[in-house]
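One-letter residues, chain by chain:
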Amino acid sequence: MVCVHFMVHSVNATVVPSNNLINREPYSKVHSKETVTLTSIRQRSGRRRRFRKERRLIEQPADICAEIVGPTWQVNKTGEGPCQQLVVWVPKKDGFTEFVKIENSEVKGGFSLAIFCNALQFLPYRVQPIFKPYVNYTGYSNGSYDELLHVIEGTTCEMVAGDVTVRSSRGQYVDFTTPYLSSEVYMLVHGSLAWSQTLWTFLRPFTKRLWFAIVGMCIYIGVAVSILEYRADNPKFTASYKTIRMIIWFPVSTFFFNEGKIVNRNSKVVLVMWLSMIFIVVQIFTATLSSWLTLDQLRPKLPSNYESVGYQDGSFLRDFIKNKYMCNDTNLVALHSAEEYKTALSSGNVTAVFDELPYIELFLAKYGSDYTKFGPINQESGIAFAFPLGSPMLQNFTRAVINVTESDVLMEMKKKYLGFHAPDESQPNQTLPKSLDIQSFIGLFILMGTASIAAIMCSEISLRRANKKVLPASLDD
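Residues numbered from 1 in each chain as written. Predicted model: local features only at pLDDT ≥ 70, side-chain atom pairs only at ≥ 80, totals over all residues. Heavy atoms only, no water.

> Outline the packing of helix H4 (residues 111-121) against helix H12 (residues 394-406), supporting the account with residue identities and numerical values.
Remark: H4 packs on H12, axes separated minimally by 8 Å, with the N-to-C direction vectors making an angle of 110°. Relative to H12, the element H4 is oriented roughly perpendicular. As for the relative orientation of H4 and H12, their crossing is right-handed in sense. Note on element contacts: H12 touches H4 through Phe397, Ala400, Val401 and Val404, opposite Ile115, Phe116, Asn118, Ala119 and Leu120. Split into classes, the residues belonging to the contact of H4 with H12 amount to 8 nonpolar, 1 polar and no charged. (Axes fitted to C-alpha atoms, helices over the stretch in contact; angles between N-to-C directions. Helix = DSSP H or I, 4+ residues; strand = E, 2+ residues; numbered from the N terminus. Parallel < 35°, antiparallel > 145°, perpendicular 65-115°, else oblique. Left-handed = near helix turned anticlockwise from the far one by under 90°. Contact = heavy atoms within 4.5 Å. Nonpolar A, V, L, I, M, F, W, Y, C, P; charged D, E, K, R; others polar.)

> Would you mind going over a nonpolar patch on the surface in detail, with residue names and values included?
A contiguous nonpolar patch, built from Val215, Ile219, Val223 and Ile227 and spanning about 290 Å² of accessible area, is present on the exposed surface. Positionally, Ile227 belongs in helix H6 (residues 208-231). Taking relative accessible area as the criterion, Ile227 reaches 36% and is therefore assigned partly exposed. (Patch = residues over 30% accessible without salt bridge, like charges linked within 9 Å, V, L, I, M, F, W, Y side chains within 5 Å. Areas by Shrake-Rupley, 256 points an atom, 1.4 Å probe, with all protein chains shown as cover. Salt bridge = Lys/Arg side-chain N within 4 Å of Asp/Glu carboxyl O. Buried < 20%, exposed > 50% of the residue type's maximum accessible area, 1.4 Å probe, protein only.)

> Any details on the packing of helix H10 (residues 338-347) against helix H11 (residues 357-367)? Residues and values, ideally.
Running from N to C, H10 and H11 cross one another at 70°; their axes reach a closest spacing of 10 Å. When the interaxial angle is binned, H10 and H11 end up roughly perpendicular. Two packed elements cross with a definite hand, and for H10 against H11 that hand is right-handed. In this structure, H10 contributes Ala338, Glu339, Tyr341 and Lys342 to the contact, and H11 contributes Phe363, Lys366 and Tyr367.

> Lay out the sheet that holds strand S4 (residues 128-134) in plain terms, naming residues and giving numbers.
Read across the sheet, 5 strands follow the order S4-S1-S5-S13-S6 without closing on themselves; strand pairing throughout is mixed. At either end of the open sheet lies a strand with only one pairing partner, and these are S4 and strand S6 (174-176). Each neighbouring strand pair of the sheet contributes to a mean axis angle of 30°, computed without reference to strand direction. As paired strands, strand S1 (residues 85-91) and strand S5 (residues 158-165) are joined by 3 bridges and run parallel to one another. Bridging from a neighbouring strand, Val88 pairs with Met159 of S5. (Pairing = 2+ DSSP bridges.)

> Outline the pattern of salt bridges, supporting the account with residue identities and numerical values.
This model, assessed by the stated rule, comprises 9 salt bridges. Two residues, Glu380 and Arg167, come together in a salt bridge whose shortest N-O distance is 2.7 Å. Of this pair, Glu380 sits in the loop between strand S12 (371-379) and strand S13 (383-388) while Arg167 sits in the loop between S5 and S6, placing them 213 residues apart in sequence. We classify Glu380 as buried; its relative accessible area is 7%.

> Describe the packing of aromatic side chains, naming the residues involved and giving the relevant values.
Applying the stated criterion across every chain, the model contains 22 aromatic pairs. Residues Phe363 and Tyr371 carry aromatic rings whose centres are separated by 5.4 Å and whose planes lie at 70° to one another, so their mutual orientation is edge-to-face. Side by side, Phe363 and Tyr371 carry an identical accessibility label, which is buried. (Phe/Tyr/Trp six-rings, centres within 6.5 Å; stacked < 30°, edge-to-face > 60°.)

> An account of H12 is requested, with residue identities and associated values reported.
Each α-helix turn comprises 3.6 residues. Residues three or four places apart therefore point the same way. Relative to the 18 Å expected for 13 residues at 1.5 Å per residue, H12 spans 18 Å between its end C-alpha atoms, a close match to the ideal helical length. Restricting attention to buried positions, one finds in H12 the residues Leu394, Phe397, Thr398, Ala400, Val401 and Val404. The arc that holds the buried residues of H12, viewed along the axis, is 160°, so those residues lie on one side. For H12, the exposed residues set more than 90 degrees away from the buried face come down to Gln395 and Glu406. Those residues of H12 that are buried are in contact with H4, S5, S6, S13 and helix H13 (409-418). (Expected span 1.5 Å × (residues − 1). Arc of directions from axis to C-beta.)

> Kindly report on the nonpolar core, identifying the contributing residues and their values.
Ranked by size, the top nonpolar core spans 60 residues in total, and within it Phe111, Phe116, Phe131, Met159, Leu188, Phe385 and Phe397 carry the most contacts. When residues in this core are grouped by element, the largest group, 8 residues, is from H4. Formed by 22 residues, the second largest nonpolar core is a distinct cluster that contains Leu210, Ala213, Met217 and Leu271. (Core = buried A, V, L, I, M, F, W, Y, C linked by side-chain atoms within 4.5 Å.)

> An account of the confidence of the model for the protein is needed here, citing residue identities and associated values.
Confidence in the prediction of the protein, expressed as mean pLDDT, is 77, and 74% of residues score 70 or more. Here residues 1-58 is a poorly scored stretch, pLDDT under 50, and it has 46 contacts once near neighbours within four places are set aside; other chains count. With pLDDT under 50 throughout, residues 422-430 is counted as low confidence; its partners more than four residues away or in other chains account for 12 contacts. (pLDDT = per-residue confidence, 0-100.)

And the structure:
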């Protein structure tokens, strides 16, 4: 017995602990070789045993999907798929837990997992998900998203469910489903209210084309009234120079001055319609101008350089910023949550924060009064789920994700987990009102043109009838 006890202690003293705290975790960093004491070896061995024990508890099938989906979870599914059990790796996030939430090394849920569970509902066969949080023995994240994707490399019935951005570099060792959420890179910066009114602001409600169209319609009405009054022998429209003056001035002066008596009844019809049209145009112009003058526009304060900017820790944005702006990565600040975004921007530790649009919108929903987004800076493929290369479940699961995105489930999950109750409801950065173009008044212009032509035709018909009645009486004389 003494010999056996001595041999056991000898073996324990010569064991070299593995650097990998999770099985099959490739590409771990190789620590420098150094001599370790017997005490440190025993401590590491104890930690590893405790973590393996925690993993055995964590890796049990969870009923998270049953809580998310409800009573209809995988009811009446009898088909047999390529994987009866699916190991689902879930990334640990310190912030933006609206997407994936892990507490005490246990998967709790989130928007991404809600989409995943609803996608499983659309599969023609039954699959039991086994959720594994990607954490170390301390409960914190065990690495970046790229390192997590390498964990499923070369496996069959495993996947990563989370807010994983589709990247071409990642596509070399994993396959992605179709994205369930669009994604663009934006810059989050301070915003300032700007009064950007100029001398010509009063012209902004209408485009140049519309202003020219109104002036052209004014001259056209002047020509139509001049023809009608000239045919009715109105002395104001007899002389050539007076006619030209009245063509230009008469449609405008009608509003303010008494420019003389109108002889032709058809001219009165044209002028009444013209006044009605101008009244409508003026009302629309006044309303649009008010929106231009009362607009408090939140304009972004862009940084002069990108040496001190922040990004979401664990994402691809660190390399993106380095490659795009050729800046030193020593000054780049890794941030974890919306609260850290606000603290870093308020204290001046960073001049801007780069992140994808879904996270920017979540931040603005909480702290949007003093901040605004600028972009998009880069178009990404979107956020999706990852499978190993050649996974037998990829094709069916991709169809299932498409079914989810095309149904009302996606919007319901956005409202439930992300709080997107109304488009841009929480974004105080109002966009500039659009200037009205000629299409907004094309109906009025057509109506006025048709009415003036009809008035001239009616006037000519009535004049000819009057001449026919007068002509026989003159012959009898």
